[in-house]
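Structural characterization, general
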Amino acid sequence: MIYSAGIIGLGKYLPERIVTNRELEELVDTSDEWITTRTGISERRIAAAEQATSDLAIAAAQEALLDARLGADELDLIIVATISPDMIFPATACLVQAALGATKAAAFDLSAGCSGYVYALITAAQFIAAGLYQNVLVVGADTLSRLTDWQDRRTCVLFGDGAAAAVVGRVPDGYGILGSLLGADGTGGNHLYLPAGGSRRPASPETLENREHYIKMSGPEVFKFAVKVMEEATLQVIEQAGLTLADIDLFVPHQANIRIIDSSLHRMGVPHERVFLNVDKYGNTSAASVGIALAEAVAAGRVHDGDNILLVGFGAGLTWGSAVLKWYDRRQLNG
Ligand code: UT7
């Protein structure tokens, strides 16, 4: 039996501390003008010293459960998409499971870089569609400030911390995920990676000395990949859903760089007013990015029952993912 799977609750969490471009001018040789014009980012949120990724994830998850009017004990599975887990193991999803008291839920992490939220959403939907589970909690959470080289101006201006959560469950036929697509090209893995701290390059005085515990990125390579893949993944998933570009009411892309969004979505003829943007406020929040944008779009009243919503992400791996959802507004239908 195939059930329709969709989002029945949303949540997000952003750390309180705002770091402006001006503050970064004090750290590295950069300028507010460069960052704003080359990326569209004005400020980002940075987690407090005592906050780890699971703390961000738990706060977002609690909001999503409230929104879904669901108890943690009703969850069957928790998937946390992250590339900055609290520890290498146990999975951050297990830490979230314990904190929520989701005693019935299985839990695992998923590593797909900034595609993490879309990857996890599509994975969760398979369990619902197959009838195996009723309620799956998806969280995209990253604290990249801990993996960022604050001496490297090419990367440190780009990222911010945050978390987003969605409860995925059964929705009436015709609603929910109408099309989905996942992709990967591991040959591009060396364009965006963290060299040390795993089994290939365990931590040593040498890896510390060489700053190998920080994110390395070939910006222009990732930029070219992103523009290409965002356009392809968007067009393919819309076709798969039996729709056209004109049928999409709101585009919610990964918020990495305004120029990437301009070069792909706007080049395809998608007007600005049909694209949700918050990259200026949060920078690139990695696995949380698409989810935070979706939660904010819904909270801002930009999403209505029956709207077709396009989610698209890309990131480390290299990976990409896209999904088309027919939005199911439980609040409206419940009265
Ligand atoms: O979720 C996936 C994560 N990654 C991404 O989405 C990143 C995708 N790539 C990008 O967004 C862009 O490539 C960047 C924003 C990272 C860089 O922009 P760019 O227009 O591709 O610049 P560039 O790397 O080609 O560098 C141009 C110049 C260089 O100076 P020279 O060599 O021309 O003298 C850089 O050193 O800009 C310099 N530069 C900076 N200058 C001031 C690089 N970063 C900075 C900075 N402030 N923060």
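Residues numbered from 1 in each chain as written. Predicted model: local features only at pLDDT ≥ 70, side-chain atom pairs only at ≥ 80, totals over all residues. Heavy atoms only, no water.

Moving on to the sheet that holds strand β7 (residues 162–170). Spatial strand order, β1-β7-β6-β4-β5: five strands in an open sheet with mixed pairing. A single partner strand is all that each edge strand has here, and the edge strands are β1 (5–13) and β5 (106–110). Across this sheet, the average inter-strand angle for adjacent strands is 20°, counted without regard to direction. Summarising the sheet, β1 and β7 pair through eight bridges and their orientation is antiparallel. Residue pairing across strands places leucine 10 opposite alanine 166, the latter belonging to β7. (Pairing = 2+ DSSP bridges. Helix = DSSP H or I, 4+ residues; strand = E, 2+ residues; numbered from the N terminus. Axes fitted to C-alpha atoms, helices over the stretch in contact; angles between N-to-C directions.)

A few words now on the sheet that holds strand β11 (residues 250–253). Spatial ordering of the open sheet is given by β8-β13-β12-β11, a layout of four strands whose pairing is mixed. The strands lining the two open edges of the sheet, one partner per strand, are β8 (176–184) and β11. Geometrically, the sheet is characterised by an average inter-axis angle of 10° between neighbouring strands, direction not taken into account. Across four bridges, the pairing between β11 and strand β12 (residues 308–315) is parallel. The residue of β12 that forms the bridge with phenylalanine 251 is leucine 310.

Further remarks concern the environment of arginine 146. Inspection of the secondary structure assignment puts arginine 146 in the loop between β6 (135–142) and α6 (153–156). Taking the relative accessible area as the measure of exposure, arginine 146 reaches 38% and is therefore partly exposed. Here the alpha-carbon distance between arginine 146 and valine 28, two residues 118 residues apart in the chain, equals 17 Å. Setting aside anything within four residues of it in sequence, one finds arginine 146 in contact with Ala47, Ala48, Ala49, Gln51 and Ala52. Reaching out from arginine 146, the side chain makes a polar contact with the backbone oxygen of alanine 48 at a distance of 2.9 Å. (Buried < 20%, exposed > 50% of the residue type's maximum accessible area, 1.4 Å probe, protein only. Contact = heavy atoms within 4.5 Å. Polar contact = N/O pair within 3.5 Å; in protein donor to acceptor, adjacent residues only side chain to side chain.)

Attention now goes to the layout of surface pockets. Put simply, the largest pocket is a space of about 850 Å³. Forming the walls of the largest pocket are 35 residues, and the residues nearest its centre are Ile83, Ser84, Pro85, Leu147 and Leu194. Counting only elements with at least two residues in the lining of the largest pocket, the list comes to β5 and β9 (192–193). In the lining of the largest pocket, the residues fall into 18 nonpolar, 12 polar and five charged. (1 Å grid on protein atoms, 1.4 Å probe; cavity = no way out; pocket = protein on both sides within 12 Å on 5 of 7 lines; lining within 4 Å. Points joined across faces, edges and corners; volume = space filled by probe spheres on them. Nonpolar A, V, L, I, M, F, W, Y, C, P; charged D, E, K, R; others polar.)

This paragraph deals with the confidence of the model for the protein. When pLDDT is averaged across the protein, the result is 97; 99% of the residues are at 70 or more. The weakest mean pLDDT in the protein belongs to helix α12 (residues 330–334) at 61; the strongest belongs to strand β4 (residues 77–81) at 99. (pLDDT = per-residue confidence, 0-100.)

Time to look at the site of the ligand. Around the ligand sit 23 residues, and of these Thr30, Arg38, Cys114, His254 and Asn257 come closest. Arginine 38 has a polar side-chain atom sitting 2.7 Å from an oxygen atom of the ligand. Interatomic distance of 3.0 Å between a backbone N/O atom of glycine 219 and a nitrogen atom of the ligand. When the ligand sits alone it has 950 Å² of accessible area, and the protein chains cover 74% of it. Counting atoms within 2 Å of the grid points, the majority share of the ligand lands in the second largest pocket. At the level of elements, α2 (32–39), α6, α8 (219–240) and α9 (258–266) are the ones that each hand at least two residues to the shell around the ligand. With four residues, the top contributor of residues to the shell around the ligand is α8. (Near = heavy atom within 4 Å. Areas by Shrake-Rupley, 256 points an atom, 1.4 Å probe, with all protein chains shown as cover. Sits in = over half its atoms within 2 Å of the grid points.)

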